[in-house]
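Structural characterization, general
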Amino acid sequence: MDTALLVTQIVNGLQLGILLFLVASGLTLVFGILDFVNLAHGAYYMLGAFISATLARWTGSWPLSVLLALPLVALIGVFTERVVARPLYGRSHLAQVLATFGLILVIDAVAMLVWGVEGQAVELPAWLNGRVTLPGGAELPAYRLVIIGSGLAVAAGLYAWVHHTRFGMLVRAAAANRDMAEALGVDTARLYAAVFALGAALAGLAGMLVAPLTEASLAMGLEIIIIALVVIIIGGIGSLKGAFVAALLAGLVDTLGRAWLDDLFKLAMSPEAAETAAPAVSAMSVYLLMALILALRPQGLFPPRTRGHGQ
Amino acid sequence: MIRKLLAATLALGVSTSAAIAAEVKIGFVTTLTTPAAVIGRDMVDAAKLAVKHMNGKMAGLDVKLIVEDDGFRPDVGRQKTVKLVKQDKVDFLTGYIWSHVLLASRKPALDAGKFLISANAGPSPLAGKLCHENFFSASWQNDQVPMAMGEVLNQLGVKTLYIIAPNYAAGKNIVAGVTRTFKGKVLGKDFTRWGKDAQLDFSAELAKAKASGAEALFAFYPGKAGGAFIKQYAQAGLEKAMKLFTVFTVDAISLPKFQKAGLKVVLGSRSTHFWSPDLDNPANRKFVADFRKEYGRYPSFYAAQAYDAINLIRAGVEGAKGDLKNADAIRAAMKKADFGSVRGRFTYGNNHFPIQNFYLREVVEDPEDNWTSRIVKTVYRNHQDPYAKECPLK
């Protein structure tokens, strides 16, 4: 097989996986630590894309717009936590799903009023628009490597933060046993707001990174949230490590499926049948992966050891 | 007492039905949510402009436009069609961007004896075996535009081609169309996920296309996917290795966005179509000028079709002298296609799809620095779709 093509496709898969990780990590943190189902998590992804697109137009610099947009999305996260999520902690998941679904509708409608129905294209600076040739002859858009690099940096930062800081220790304590943490004097309200803001900022960052590839558009949050839920289920709900591995796995399965499934099917069936079947199967490859993992390990790949929520 | 009440009710019923008869009700099913809403907005704007140009009247009857959103989904589109037929009791149904939505909505509309006019989608079944006396197209059959593109590729001497298109009814038709006329070799084809969670990252497909070594790349991505596709094509550095040819992808909806994003790679890019804003005929000059004055942007081909669909309905209503019960007269008048179409004079085939010209267009900058399309040459004159012979209508 052509190694350059194989390398290219693996990098493409990793890049998709990294974007999924950024969205799924916030979702799994909020779900795992706060025991809160936030369907509106995809909305931060959309808002990140729109806000950075607008700021990029105002400031004329995309990297600057990302730096400015991150705290804004985090603030929106804090606001929605205070207004929508906090009254619903400890309530049934159904109530949380209903409320956050309503939040999606509200945010979508507001976004439509502010930005209109057309998407917003984002222009990259010239130094990001070039291409990089890897050893082996694979030529890749530089920007896709930027996505992978920044995603890996964020993953490393998150790991260090959760495992090597006092705040991360409190987060882990609250995740393991919320009541005990509270009894020991941890200000869980502040902690939860911080986790929520962090999750929102991570999803927003994913949106900011994807906007120059596609564009900022309404409904992009809905497109990502389902697959992000699949990722955290595969990885084990509440586990950052699980979200990371599962996101990369999902990205690779999806990309490699799109790349080679038709060739694979052609070995077993007529070219016409393969041409029709391959897109159908590759569209559901991530869901097939989830079904397989759930059948073998219903708790996901890396379930957190304790999830005491004192209920 | 009861008899009096009954009489009063009856009288009321008669008077309301008389009131209904004094207007022409047009159900307009299009997409107003999801990112594809930009297409729906362009079509509704054009339909409103058409109604305004006729002073809100067809053969002396008031025109009532009832717009519904299909949410980019065939099931919802069908539901809205049923609602328009049963609840609003419309006389005509039009709009319909998407082939799968139109195919799902066809039966409830035609079974109720309504006229169904596609203002965009042209799926092959409706041109062939499923053609119907009350169905008309104000656009084209899906295969025709890419067939013209295949012809252009032959004329340019392109020998090898790679194809990427979305996986749905129209995507299949478009690929069938270009491969029907293209005489060179197709080195590979990819169909990508489409609909509400459409795939927007084409890295895997573009890498395959590049590795195939084909001379040219053919793509079909309407709406926001088109912008994403062209951007990633440029980012992958393919413009030197393989030239891009598209249909329904670079249009008046995507061009302002490309221009804002400084995507110079689309300038000079070529696509085929049945219409262009610079097509020189009185109806089109008026349409384009008034649309730009009213909405401050160029109309897209979707808008042109919606404008034509409303004018086609008007031709039918006027041919029947406002008698909406006289379906035969309406049909006969519509079939003449004598309504000053923005595409110029055309005729209808036996399957009620237009027999019309197709042009090669290129993207240029107009004197006011807007990016728009201009006709380069005529590819087909009076072209009929290849499915007409399968249609039993005469």
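Reading the values: rules and limits
Residues numbered from 1 in each chain as written. Chains lettered and ligands numbered in written order. Predicted model: local features only at pLDDT ≥ 70, side-chain atom pairs only at ≥ 80, totals over all residues. Helix = DSSP H or I, 4+ residues; strand = E, 2+ residues; numbered from the N terminus. Rg over C-alpha atoms; globule rule 2.2 N^0.38 Å. Buried ≥ 20, exposed ≤ 12 C-beta atoms within 10 Å, placed from the backbone. Contact = placed C-beta atoms within 7 Å. Axes fitted to C-alpha atoms, helices over the stretch in contact; angles between N-to-C directions. Parallel < 35°, antiparallel > 145°, perpendicular 65-115°, else oblique. Left-handed = near helix turned anticlockwise from the far one by under 90°. Nonpolar A, V, L, I, M, F, W, Y, C, P; charged D, E, K, R; others polar. Domains from an automatic or database assignment. Expected span 1.5 Å × (residues − 1). Core = buried A, V, L, I, M, F, W, Y, C linked by C-beta atoms within 7 Å. Pairing = 2+ DSSP bridges.

Moving on to the overall build of chain A. In terms of helices and strands, chain A carries 12 helices and two strands. Secondary structure of chain A in N-to-C order comes out as α-α-α-α-β-β-α-α-α-α-α-α-α-α. The C-alpha radius of gyration computed for chain A amounts to 20 Å, which stays within 12% of the reference 19 Å derived for 311 residues, consistent with globular compactness. Out of the 311 residues belonging to chain A, those deemed buried represent 49%. A separation threshold of at least 6 residues defines the contact pool for chain A, and within that pool the share at least 24 residues apart is 77%.

Residue and element names in this part refer to chain A. The N-to-C vectors of helix α1 (residues 3-34) and helix α8 (residues 188-210) enclose an angle of 165°; their axes lie 8 Å apart at closest approach. Between α1 and α8, the angle is such that the two are roughly antiparallel. For the element pair α1 and α8, the recorded crossing hand is left-handed. Contacts between α1 and α8 pair Leu19, Leu22, Val23, Ser25, Gly26, Leu27, Leu29, Val30, Ile33 and Leu34 from the former with Tyr192, Val195, Phe196, Leu198, Gly199, Ala200, Leu202, Ala203, Leu205, Ala206, Leu209 and Val210 from the latter. Among the residues making up the contact of α1 with α8, the classes are represented as 19 nonpolar, three polar and no charged.

Residues and elements named next belong to chain B. Considered domain by domain, chain B is made up of domain 1 (2-140 + 280-356) and domain 2 (144-273). Domain 1 and domain 2 are separated by 31 Å when their C-alpha centres are compared. The interface is formed by 20 residues belonging to domain 1 together with 15 residues belonging to domain 2. Secondary-structure elements contributing two or more residues to the side of domain 1 that touches domain 2 are α2 (37-53) and α4 (99-111). When grouped by side-chain class, the residues that make up the side of domain 1 that touches domain 2 number 12 nonpolar, five polar and three charged.

Residue and element names in this part refer to chain A. Taken N-terminus to C-terminus, the directions of helix α6 (residues 166-176) and α8 make an angle of 105°; their axes are 11 Å apart at the nearest point. Taken together, α6 and α8 sit at an angle that is classed as roughly perpendicular. Where α6 approaches α8, its residues Leu170, Val171 and Ala174 are matched on the opposing element by Thr188, Leu191 and Val195. Taken together, the residues of the contact of α6 with α8 break down into five nonpolar, one polar and no charged.

All names here are of chain B. Spanning 13 residues, helix α7 (residues 169-181) covers 19 Å between terminal C-alpha atoms, matching the ideal 18 Å at 1.5 Å per step. Taken together, the buried positions of α7 are occupied by Ala169, Ala170, Gly171, Lys172, Asn173, Ile174, Val175, Gly177 and Val178. Taken together, the buried residues of α7 touch α4, α5 (124-127), α6 (144-155), β7 (160-166), β8 (185-192) and β9 (216-219).

On to the nonpolar core. The biggest cluster of nonpolar side chains holds 227 residues, and the ones touching the most others in it are A:Leu20, A:Val23, A:Ala228, A:Val231, A:Ala250 and B:Tyr307. With 16 residues, α1(A) is the largest single contributor of residues to this core. If we ignore the near neighbours within four places in the chain, the residues touching A:Val231 are A:Leu20, A:Ala24, A:Ala243, A:Ala246, A:Ala247 and A:Ala250.

Right, let's talk about the sheet that holds strand β3 (residues 61-69) of chain B for a bit. All names here are of chain B. Taking strand neighbours across the sheet as the criterion, the six strands line up as β2-β3-β1-β4-β5-β6 in an open arrangement whose pairing is mixed. Single-partner strands in this sheet number two, and they are β2 (57-58) and β6 (135-137). Sheet topology note: the strand β4 (residues 92-95)/strand β5 (residues 115-118) ladder contains two bridges and is parallel. If you follow leucine 93 over to β5, its bridge partner there is leucine 116. Across the sheet, α4 lies against β1 (23-30), β4, β5 and β6, angled at about 160° from β5, the strand it touches most.

Below, the discussion takes up the interface of chain B and chain A. Contacts between the two partners involve 31 residues from chain B and, on the opposite side, 32 residues from chain A. Elements with a contribution of two residues or more to the side of chain B that touches chain A: α2, β8, α8 (203-212), α9 (224-235) and α11 (255-260) of chain B. Across the side of chain B that touches chain A, the residue classes break down as 11 nonpolar, nine polar and 11 charged.

Bringing the pairing of strand β13 (residues 354-365) of chain B into the picture now. All names here are of chain B. Alignment of strand β11 (residues 270-273) against β13, held across four bridges, turns out to be antiparallel. Directly across from serine 271, in β13, lies its bridge partner arginine 361. Here two bridges tie strand β12 (residues 347-348) to β13, and the two strands are oriented antiparallel to one another. In the strand pairing of β13, tyrosine 348 is matched with proline 354. As consecutive antiparallel partners, β12 and β13 are separated by five residues, and within that stretch histidine 352 has a phi angle of approximately 65°, a positive value. Strand direction decides the pairing type here: β13 and strand β14 (residues 371-383), joined by nine bridges, are antiparallel. Residue pairing across strands places glutamine 356 opposite histidine 383, the latter belonging to β14. In this structure, the hairpin formed by β13 and β14 is closed by a connection of five residues, where aspartate 369 is found at a positive phi of approximately 70°.

Moving on, we come to unusual backbone geometry. Most peptide bonds take the trans form, and the phi angle of most residues other than glycine is negative. Residues and elements named next belong to chain B. Positive phi values are uncommon outside glycine, yet histidine 352 reaches one of about 65°. Along the chain, histidine 352 turns up in the loop between β12 and β13. According to the C-beta neighbour criterion, histidine 352 is buried, with 25 such atoms within 10 Å. Phi angles above zero are rare outside glycine, and asparagine 382 is one such case at about 45°. One can find asparagine 382 in strand β14. Its 12 C-beta neighbours within 10 Å are what place asparagine 382 among the exposed residues.

On to the environment of A:Pro135, then. Residue and element names in this part refer to chain A. Checked against the element boundaries, proline 135 lands in the loop between β1 (131-133) and β2 (139-141). The exposure class of proline 135 is exposed, given the 7 C-beta atoms found within 10 Å. With 131 residues separating them along the chain, proline 135 and alanine 4 place their C-alpha atoms 8.7 Å apart.

What follows is about the environment of B:Leu200. Counting through the fold element by element, B:Leu200 comes out in the loop between β8 and α8. Look at B:Leu200 and you get buried, because 22 C-beta atoms sit within 10 Å. With 25 residues separating them in the primary sequence, B:Leu200 and B:Ala225 have C-alpha atoms 5.9 Å apart. Setting aside its immediate chain neighbours within four residues, B:Leu200 contacts A:Thr214, B:Ala225 and B:Ala228.

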